Amino acid sequence: MTTNRKQISITISAQSLYLPDQSAPEEQRFLWSYEIAIANNGDEIIQLLNRYWRITDMTGRIEEVRGPGVIGLQPIIKPGKKFVYNSFCQLSTPQGTMEGQYQMQTLDEVLFWVDIPKFILTSPASLSAPLRAKLH
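Worth saying up front: this structure is predicted, and the values here are computed from it rather than measured.

Colleague: How should I be thinking about the overall build of the protein in this particular structure?
Modeller: Helix and strand counts for the protein stand at one helix and eight strands. Within the protein, buried positions represent 42% of all 136 residues. A fraction of 66% describes how many contacts in the protein between residues 6 or more apart in sequence connect residues 24 or more apart. For the protein, the computed accessible surface area is about 8400 Å², with 49% contributed by carbon and sulfur atoms.

Below you can see the structure in the form of structure tokens.
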């Protein structure tokens, strides 16, 4: 028996980059850019509808961010294609993590969530050493 059931397969990858020229450690302001790539490895057209981020700094403080789309878009990603975007994150500590989920839908309006794997936001060790000493 054969079916016409389509496959949903999505890969999400992330890379972060510390921005020393836009950070001010003396003011406890650390800024990173990050690039997210969303690859549609399945055979369904998908659309990213909403995002959820969980951002944790090195003291354990958690910030949750929810909202429609990413960078003002709700991109449609065809099978075999990839959507890549860049955004920013600011913390008051020199290290942290980001993880979350994207809510997506198929053309048939089937809703589903895709996990965004945790990635690390880190600055040079010389900036994080003083705070680490206070945490121990």
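Colleague: Explain the nonpolar core to me, please; I cannot follow it from the model alone.
Modeller: Here is a general trend for soluble globular proteins: nonpolar side chains tend to be buried in one another's company. Counting 26 residues, the largest nonpolar core has Ile36, Ile38, Trp53, Tyr85, Tyr102 and Met104 as its most contacted members. Looking at this core, the elements with two or more residues in it are strand E1 (10–18), strand E2 (30–40), strand E3 (46–57), strand E6 (82–91), strand E7 (95–106) and strand E8 (111–122). Apart from the residues within four sequence positions on either side, Ile38 is in contact with Ile10, Thr11, Ile12, Leu48, Ile77, Lys81, Lys82, Phe83, Tyr85, Tyr102 and Met104.

Colleague: Just to check I follow, could you spell out the environment of Leu121 for this structure?
Modeller: One can find Leu121 in strand E8. When the C-alpha positions of Leu121 and Thr97 are compared, they lie 5.5 Å apart, and in sequence the two are 24 residues distant. With near-sequence residues (within four places) excluded, Leu121 lies in contact with Ser16, Trp32, Cys89, Leu91, Pro94, Gln95, Gly96 and Met98.

Colleague: I'm lost on the pairing of strand E4 (residues 62–68) in this one. Help?
Modeller: Note on strand geometry: in a regular strand, side chains alternate between the two faces of the sheet. Bridging between E3 and E4 involves seven bridges; their strand directions are antiparallel. In the sheet register, Trp53 faces E4, and the bridge partner there is Val65. As consecutive antiparallel partners, E3 and E4 are separated by four residues, and within that stretch Gly60 has a phi angle of approximately 95 degrees, a positive value.

Colleague: What am I meant to see in the side chain of Gln105 here?
Modeller: In this fold, Gln105 is placed in strand E7. What Gln105 contacts, discounting residues up to four positions off in sequence, is Ile45, Ile46, Gln47, Leu49, Val110, Leu111 and Phe112.

Colleague: In this structure, what is going on with unusual backbone geometry? I would like to understand it.
Modeller: In terms of backbone geometry, most residues other than glycine have negative phi values and most peptide bonds are trans. Positive phi is not limited to glycine here, since Gln28 has a value of about 55 degrees. Looking at the element boundaries, Gln28 is found in the loop between E1 and E2.

Rules behind the numbers
Residues numbered from 1 in each chain as written. Predicted model: local features only at pLDDT ≥ 70, side-chain atom pairs only at ≥ 80, totals over all residues. Heavy atoms only, no water. Helix = DSSP H or I, 4+ residues; strand = E, 2+ residues; numbered from the N terminus. Buried < 20%, exposed > 50% of the residue type's maximum accessible area, 1.4 Å probe, protein only. Contact = heavy atoms within 4.5 Å. Areas by Shrake-Rupley, 256 points an atom, 1.4 Å probe, with all protein chains shown as cover. Core = buried A, V, L, I, M, F, W, Y, C linked by side-chain atoms within 4.5 Å. Pairing = 2+ DSSP bridges.

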